[in-house]
Amino acid sequence: MKNLKHIIGFVALTIVLSCNSQKNTTEHSHEEHSHDGEISHSHNDYFGSYALNDNVYGTKTTVTVKGNTRTMVTNALPNHKTGDFPNPGNPNTIFAQNKTYTFPVTPKYTGQAQWIREPGIALNGIKFEPGTAEVVICDTGENYRVEAFQDVIDLGLDFNHAHVQPTGAYHYHGTPTSVIEKFDTGEDLIHVGFAHDGFPMYYSKSGKYKPSYKLLDGDREGEDCTYTTHKTIDISVGGHHDGTYGSDFEFVEGSGDLDECNGITLNGNYMYLVTAEFPYVSRCLMGEVSQEQQGPPRGEQEQGGRPNIDQLFEQMDENNDGKLSPKEVKGPLADNFSKVDANNDGYLTKEELKNTPRQQGQRPGRKK
């Protein structure tokens, strides 16, 4: 009888240890909350408070909902595998950050696009930052901001469409592959994060919600263009708009399902979509957002195309006399000098340049 008790006790201990060894190292705690229709989540709800701690990857993210404020405290370490960093295209190493973000629980939709560099944060505490800091500058005055997804410059992105900033901050430029896998509940729409205005960010597995951006017609302008990081690389920007630069795209209202900020209202709920096509992640927000989070207007953010008149004079007017001589101008302007010189005095003024028509399609972001 005594031996039987020992045997039963040993079996029970073995079962407990076996169960404990199979527990996932990621812990979650939630306050239940639900939405109607397509964005309903019955068993994985991140609209309430939750803690996401992953011992394997070092993730420590805690979200607390109190009143109208959602507060996220995170070390910004991803809860999934990443590529190898540093790598040939990205010399930086991932380091923990110390970040606190706040989002309104009840967002206020304004319908006025506010351009922003960092539109939102993934549920695991990693930021979305779709644009880049890489710019190609031409001697003829044009400058083009490089997109993350192109074949001209290696930015060292991994399979999550992410890489690392010099600060050690890992961030997503496009669809966060591992986040999509981690937070997939089986529905088409996967909740992947929150925008800074408080509206949720989703990814559609079916890809049925299409952005409303199109490539511009025509060819780019610019001569003697270079990209400089640790060394200077000569870049040819000529050719048609193929998506290498942000200014290759324009917003064409009604051409897709999503608005200018890659947002849509479904079942009465406004949300942003992360998409496989440009803009990939929203470059602007449609809700109220604090002033310090707002970015520059789209034209300044994307740069690209022809510079404005003041920029042109700043770059070419070497003797600062307020006019341009044939020796000072370069590129296409030099080729068309006599056409632009309306009074045939041998100089170009700002007024004459203002009266020179732009090529159609040079301004990104216009509505049709």
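Remember, predicted model here, so these are calculated numbers, not experimental data.

Undergrad: How should I be thinking about the side chain of Gln150 in this particular structure?
TA: Along the chain, Gln150 falls in the loop between β10 (143-145) and β11 (162-164). Looking at Gln150, its side chain comes within polar contact range of the main-chain nitrogen of Ile153, at 2.8 Å. Dropping the residues within four chain positions of it, Gln150 is found in contact with Leu155 and Thr244.

Undergrad: Can you help me understand the sheet that holds strand β8 (residues 127-128) in this one?
TA: Strand pairing within a sheet occurs via backbone hydrogen bonds; the two strands may be parallel or antiparallel. Taken together, the eight strands give an open sheet; going across it, the order is β11-β12-β8-β7-β13-β14-β20-β19, and neighbouring strands pair in mixed fashion. Strands with a single pairing partner mark the edges of an open sheet, and in this sheet they are β11 and β19 (263-266). Relative to β8, strand β7 (residues 120-122) runs antiparallel, the two sharing two bridges. If you follow Ile121 over to β8, its bridge partner there is Lys127.

Undergrad: Help me understand the pairing of strand β2 (residues 50-54), please; the structure alone is not making it clear to me.
TA: Within β2, four of the five residues are buried, which leaves it mostly tucked inside the rest of the structure. Direction of pairing for β2 relative to strand β3 (residues 59-66): antiparallel, over a ladder of five bridges. Each residue of the ladder has a partner; that of Tyr50, found in β3, is Val63. Linking two consecutive strands that pair antiparallel, namely β2 and β3, is a turn of four residues; a positive phi of about 85° is found at Gly58 within it.

Undergrad: Help me understand the state of the cysteines in this model?
TA: Here a disulfide denotes a covalent bond joining the sulfur atom of one cysteine to the sulfur atom of another. Taken as a whole, this structure holds two disulfides when the rule is applied. Across a sulfur-sulfur distance of 2.1 Å, Cys138 and Cys225 are joined as a disulfide pair. Taking the sign of the torsion about the S-S bond as the criterion, the disulfide between Cys138 and Cys225, at about 100°, is right-handed. With a gap of 87 residues between them, Cys138 in strand β9 (residues 135-138) and Cys225 in strand β16 (residues 225-228) connect regions that are remote in the sequence. A relative accessible area of 5% means that Cys138 is categorised as buried. Exposure remark for Cys225: the relative accessible area of 3% places this residue in the buried category. Between Cys261 and Cys284 runs a disulfide, and the two sulfur atoms are separated by 1.9 Å. Taking the sign of the S-S torsion, -120° for the link of Cys261 and Cys284, the bridge is left-handed.

How each quantity is defined
- Residues numbered from 1 in each chain as written.
- Predicted model: local features only at pLDDT ≥ 70, side-chain atom pairs only at ≥ 80, totals over all residues.
- Heavy atoms only, no water.
- Helix = DSSP H or I, 4+ residues; strand = E, 2+ residues; numbered from the N terminus.
- Polar contact = N/O pair within 3.5 Å; in protein donor to acceptor, adjacent residues only side chain to side chain.
- Contact = heavy atoms within 4.5 Å.
- Pairing = 2+ DSSP bridges.
- Buried < 20%, exposed > 50% of the residue type's maximum accessible area, 1.4 Å probe, protein only.
- Disulfide = S-S within 2.5 Å.

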